[in-house]
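# Chains, contacts and geometry: an overview
Given next are the chains, with one letter for each unit.
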Amino acid sequence: MTHILGTVSDAMSSPVITVPPDRSLADAADRLLDEGVGSAVVTTERLEGIVTKTDLLAGHTVCETPTGEPVSRVMSSPVVTVRPDQPLSAAARRLDENGIKHLVVVEEGVEGVLTTTDILNQLAPTTTKLVDQVTAGVDGAGD
């Protein structure tokens, strides 16, 4: 089925950066910086959580020795997930309902991460076209 705004798989970031739950906050931060991403999925044999730049910053305020603490101490868990074939509108609603900015995309395993920024980037061309159409309609209304 075609969705007017697209599906999760159209906008998600992939491949996913993963870290084990015992990875130190310092190592996880280095990995995010090296990869240029805002989150890492925390896995063992299964999905354990997600750690974001915000979580890592919070770790520096709540942990006595933040750089050596494991990501499991600050990761978000349980993880809110979404399927890659779901419409972006449903994913956006899920983000809003849960007050979060990252969804882990799962099907048979972890497929990607979808963020509020990914959704906005997907919507930008559609929004630009709509604004152009409305502007053209307003400009031509007096003809």
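A brief report on the enclosed structure follows. All of these numbers come straight from a predicted model, not from anything done at the bench.

### Examining unusual backbone geometry
Following Ser 14, the chain continues into Pro 15 via a peptide bond in cis, with omega recorded as 5 degrees. Checked against the element boundaries, Pro 15 lands in the loop between α1 (8–11) and β1 (18–19). Following Ser 77, the chain continues to Pro 78 via a peptide bond in cis, the omega torsion being 0 degrees. Tracing the sequence through the fold places Pro 78 in the loop between α3 (53–62) and β4 (81–82).

### A closer look at the sheet that holds β1
On the basis of which strands lie adjacent, the open sheet formed by three strands has the order β1-β2-β3 and mixed pairing. The open sheet has two edge strands, β1 and β3 (47–52), and neither has a second partner. Alignment of β1 against strand β2 (residues 39–43), held across two bridges, turns out to be parallel. Opposite Val 19, over in β2, you have Val 42 as the bridge partner.

### Structural notes on the pairing of β3
Within β3, five of the six residues are buried, leaving the element largely enclosed by the surrounding structure. Sheet analysis places β2 next to β3, joined by five bridges and oriented antiparallel. Bridge assignment links Val 42 to a residue of β3, and that residue is Gly 49.

### Let's talk about the pattern of salt bridges
Note that side chains of opposite charge can pair when their charged atoms are close. With the rule as written, the count across this model stands at four salt bridges. One salt bridge connects Glu 69 with Arg 73, and the closest N-O pair in it is separated by 3.1 Å.

### Side note on the environment of Leu 56
By the secondary structure assignment, Leu 56 is in helix α3. By relative accessible area, which is 7% here, Leu 56 ends up buried. Expressed as a C-alpha distance, the spacing of Leu 56 and Thr 67, which sit eleven residues apart in the sequence, is 9.3 Å. Not counting the four nearest positions on each side in its chain, Leu 56 is found in contact with Leu 25, Ala 28, Ala 29, Leu 32 and Val 51.

### Some remarks on the pairing of β2
A regular strand places its side chains on the two faces of the sheet in alternate fashion. Counted residue by residue, β2 has five buried out of five residues, so it is predominantly covered. Residues Ser 39, Val 41 and Thr 43 of β2 are buried on one face, and the alternating residues Ala 40 and Val 42, pointing to the opposite face, are buried as well. Taking the sense of rotation as the criterion, the β-α-β connection linking β1, helix α2 (residues 25–35) and β2 turns out right-handed. Once β2 ends, the chain turns through three residues before running back antiparallel as β3.

### A short note on the side chain of Ser 39
Locating Ser 39 in the fold gives a position in strand β2. A relative accessible area of 9% places Ser 39 in the buried class. Discounting residues that sit within four places of it in the chain, Ser 39 has contacts with Ile 17, Leu 32, Ile 50, Val 51, Thr 52, His 102 and Val 113.

### Some thoughts on helix α4 (residues 88–98)
Those residues of α4 lying buried are Leu 88, Ala 90, Ala 91 and Leu 95. Seen along its axis, α4 keeps its buried residues to an arc of 160 degrees; they face one direction. For α4, the exposed residues set more than 90 degrees away from the buried face come down to Asp 96 and Glu 97. Gly 99, located one to two residues past α4, shows a positive phi value of around 60 degrees.

Definitions and limits used
Residues numbered from 1 in each chain as written. Predicted model: local features only at pLDDT ≥ 70, side-chain atom pairs only at ≥ 80, totals over all residues. Heavy atoms only, no water. Helix = DSSP H or I, 4+ residues; strand = E, 2+ residues; numbered from the N terminus. Pairing = 2+ DSSP bridges. Buried < 20%, exposed > 50% of the residue type's maximum accessible area, 1.4 Å probe, protein only. Salt bridge = Lys/Arg side-chain N within 4 Å of Asp/Glu carboxyl O. Contact = heavy atoms within 4.5 Å. Right-handed = clockwise from strand over helix to strand, strands pointing away. Arc of directions from axis to C-beta.

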